[in-house]
Amino acid sequence: MKNKIVSYIVPKLTDYSAAALEKAVGECIAACKSESEEVRNDAELKSFRDRWMARKNGILTQINDLWLKGAAKDAKREAGIRVNALKARITEMVDAAHVAETDADSLSAERVDISLPGIRRPIGAEHPVIKTRNEIVGVFERLGYSVAEGPVVETDYYNFEALNFPPNHPARDTQDTLFIGAQQSKPQRDRLLLRTHTSPVQIRTMEKMRPPIRIVIPGTVHRNDPPDASHSPMFHQIEGLAVDTNITFGDLKGTLDHAMKALFGSSVKTHFRPSFFPFTEPSAELYVTCFICGGSGKRSSDPCRPCKQTGWIEVLGCGMVDPNVFEFVKDNGYDPKKVSGFAFGMGVDRLALLKYGVDDIQLFFQGDVRFLQQFG
Ligand code: PHE
């Protein structure tokens, strides 16, 4: 009712003819209707209701007084019927009245002031470990490898047994495994653990895809290592697996030599030393010339710490897939007499530490924005 002069005043009736009553009733209804449409908020709704319905001097009461009491005896009956009908109608309209919203109101509520300065949101940056992971995966993708993934909570079968770690074999001890509790009632191969390496995805992928395959497998792994500057109970690995007919150790060396040059620069040299993993035979560790000191073991006159003055840095474990591993997936086309392959696995966090010259792995996982911003 804002900005509007309340216009309806109950008229005194002198003429009680049907036509006059009709007119008076019509005007009253029209007034009530237009006032009900003007209600803009709860306070206005209340005063609208009071104005029409209040027992003491509300419009209906006034009509009762003015129209009925002033009627001549013979007109009373007819007037009474009309006033009652009118009261019912007005009561209905008052009950139905509600706060209306005009187009103008809703438009002004939704108005956007495009001249106001916006909210500046800080832009995040790729985490150094993820950045390193993506770079490594990218090198292999360009060689035609595809990406495979697998579960972090793994069974004993995939993490150990199918990788040629027989039950109770001492090689299992090298993996510092975190086991999921309350699994004793299950057969050993079904018991759950946090995977200690990404190698179980070798088996999972060979179960699904027939040879030839070339895959890289990025993922998180867990080991029961107390956190310190070079250990974290959770870290990242990238596994690689290539299987085809006639894959040789020469293919392994050529592929990894190329990958290291792509990652650390064309001047790095690679060097393989014999090693042992149950799922590869022969097995090796790959070293690259230290990209901090260039292989000299010294940084100006100081000893080079990352390579412990040897000039070489160990970057991964690798080898030719052991025929015993193929036996577990033989039915899917991996007959060890017909196919051969190589596999490798590297620690992404360690490579990120070396690449960025960070001296504490914990910094990668503490989420300190001041540290992470330096890689933005
Ligand atoms: N899974 C091994 C580890 O975590 C690394 C590896 C992968 C070695 C593939 C050989 C072949 O230590």
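Quick summary incoming for the structure in this document. On a predicted model such as this, the values are computed, not experimentally measured, just so you know.

Parameters at a glance
- Residues numbered from 1 in each chain as written.
- Predicted model: local features only at pLDDT ≥ 70, side-chain atom pairs only at ≥ 80, totals over all residues.
- Heavy atoms only, no water.
- Helix = DSSP H or I, 4+ residues; strand = E, 2+ residues; numbered from the N terminus.
- Phe/Tyr/Trp six-rings, centres within 6.5 Å; stacked < 30°, edge-to-face > 60°.
- Buried < 20%, exposed > 50% of the residue type's maximum accessible area, 1.4 Å probe, protein only.
- Lys NZ or Arg CZ within 6 Å of the ring centre and 35° of its normal.
- Salt bridge = Lys/Arg side-chain N within 4 Å of Asp/Glu carboxyl O.
- Core = buried A, V, L, I, M, F, W, Y, C linked by side-chain atoms within 4.5 Å.
- Contact = heavy atoms within 4.5 Å.
- Patch = residues over 30% accessible without salt bridge, like charges linked within 9 Å, V, L, I, M, F, W, Y side chains within 5 Å.
- Areas by Shrake-Rupley, 256 points an atom, 1.4 Å probe, with all protein chains shown as cover.
- Lys, Arg positive; Asp, Glu negative; His and termini not counted.
- Charge placed at Lys NZ, Arg CZ, Asp CG, Glu CD.
- Pairing = 2+ DSSP bridges.
- Axes fitted to C-alpha atoms, helices over the stretch in contact; angles between N-to-C directions.
- Parallel < 35°, antiparallel > 145°, perpendicular 65-115°, else oblique.
- Nonpolar A, V, L, I, M, F, W, Y, C, P; charged D, E, K, R; others polar.

Concerning unusual backbone geometry
Here is step 1: Geometrically, the link from proline 211 to proline 212 is a cis peptide bond, its omega value of 0° lying close to zero.
Here is step 2: Along the chain, proline 212 turns up in the loop between helix H8 (200–208) and strand S4 (213–222).
Here is step 3: Even without being glycine, asparagine 57 reaches a positive phi, approximately 70°.
Here is step 4: We note that asparagine 246 has phi near 65°; this positive angle belongs to a residue other than glycine.
Here is step 5: Structurally, asparagine 246 is set in the loop between strand S5 (234–244) and helix H9 (249–264).

Structural notes on the packing of aromatic side chains
Here is step 1: For the structure shown, the criterion picks out 16 aromatic pairs.
Here is step 2: Ring geometry for tyrosine 8 versus tryptophan 52: centroids 5.8 Å apart, planes at 10°, classification stacked. Here the residue tyrosine 8 occupies a position in the segment before helix H1 (18–37), and tryptophan 52 occupies one in helix H2 (residues 42–53), the gap between them amounting to 44 residues. Of the two residues examined, tyrosine 8 and tryptophan 52, each falls in the buried class.
Here is step 3: By the ring-pair criterion, three or more aromatic residues cluster together here, those being Tyr356, Phe364, Phe365, Phe371 and Phe375.
Here is step 4: Its guanidinium or amino end placed over the ring of tyrosine 158, arginine 204 lies 4.0 Å from that ring's centre, counting from NZ or CZ.
Here is step 5: It is arginine 273 that lies over the ring of tyrosine 287; its NZ or CZ is 3.9 Å from the centre.

Here we look at the pattern of salt bridges
Here is step 1: Counted according to the given criterion, the structure contains 16 salt bridges.
Here is step 2: The salt bridge partner of lysine 69 is aspartate 65, with a shortest N-O separation of 3.2 Å.
Here is step 3: Salt-bridge contacts for arginine 172 lead to aspartate 156; the nearest nitrogen and oxygen are separated by 2.8 Å. Of this pair, arginine 172 sits in the loop between helix H7 (156–159) and strand S3 (192–194) while aspartate 156 sits in helix H7; the two residues are 16 residues apart in sequence, bridging distant segments of the chain. You'll find arginine 172 and aspartate 156 in the same group, each marked buried.

Observations regarding the nonpolar core
Buried together is how nonpolar side chains tend to be arranged in soluble globular proteins.
Here is step 1: Among the nonpolar cores identified, the biggest contains 43 residues, and Phe140, Leu256, Met260, Val315, Leu316 and Phe344 are the most heavily contacted of them.
Here is step 2: Elements represented by at least two residues in this core include exactly helix H6 (128–141), S5, H9, strand S7 (280–289), strand S10 (312–321), strand S11 (340–347) and helix H11 (348–356).
Here is step 3: In terms of residue count, H9 provides more of this core than any other element does, six residues in total.
Here is step 4: Excluding residues that lie within four positions of it along the chain, phenylalanine 140 makes contacts with Tyr145, Val216, Thr255, Leu256, Ala259, Phe344 and Met346.
Here is step 5: Listed in part, the 29 residues of the second largest apolar core include Ala24, Trp67, Val94 and Ala97.

Some words on a negative patch on the surface
Here is step 1: A contiguous patch of negative charge, built from Glu101, Asp103, Asp105 and Glu110, is present on the exposed surface.
Here is step 2: Here aspartate 103 is to be found in helix H5 (residues 103–109).

Section: the sheet that holds strand S6 (residues 270–277)
Here is step 1: As summarised here, the arrangement of the seven strands in space is S1-S4-S5-S11-S10-S7-S6, forming an open sheet in which the pairing is mixed. Lying at the two open borders of the sheet, with one neighbouring strand each, are strand S1 (146–147) and S6.

Re the environment of alanine 54
Here is step 1: Note that alanine 54 resides in the loop between H2 and helix H3 (59–68).
Here is step 2: Excluding residues that lie within four positions of it along the chain, alanine 54 makes contacts with Arg49 and Thr61.

Structural notes on the packing of H2 against helix H4 (residues 73–96)
Here is step 1: Direction vectors running N to C along H2 and H4 enclose 170°, while the axes themselves pass 10 Å from each other. Judged by the inter-axis angle, H2 sits roughly antiparallel to H4. Between H2, through Phe48, Arg49, Trp52 and Met53, and H4, the contact on the second element is made entirely by Ile90, Thr91, Val94 and Asp95.
Here is step 2: Residues of the contact of H2 with H4, tallied by class, amount to five nonpolar, one polar and two charged.

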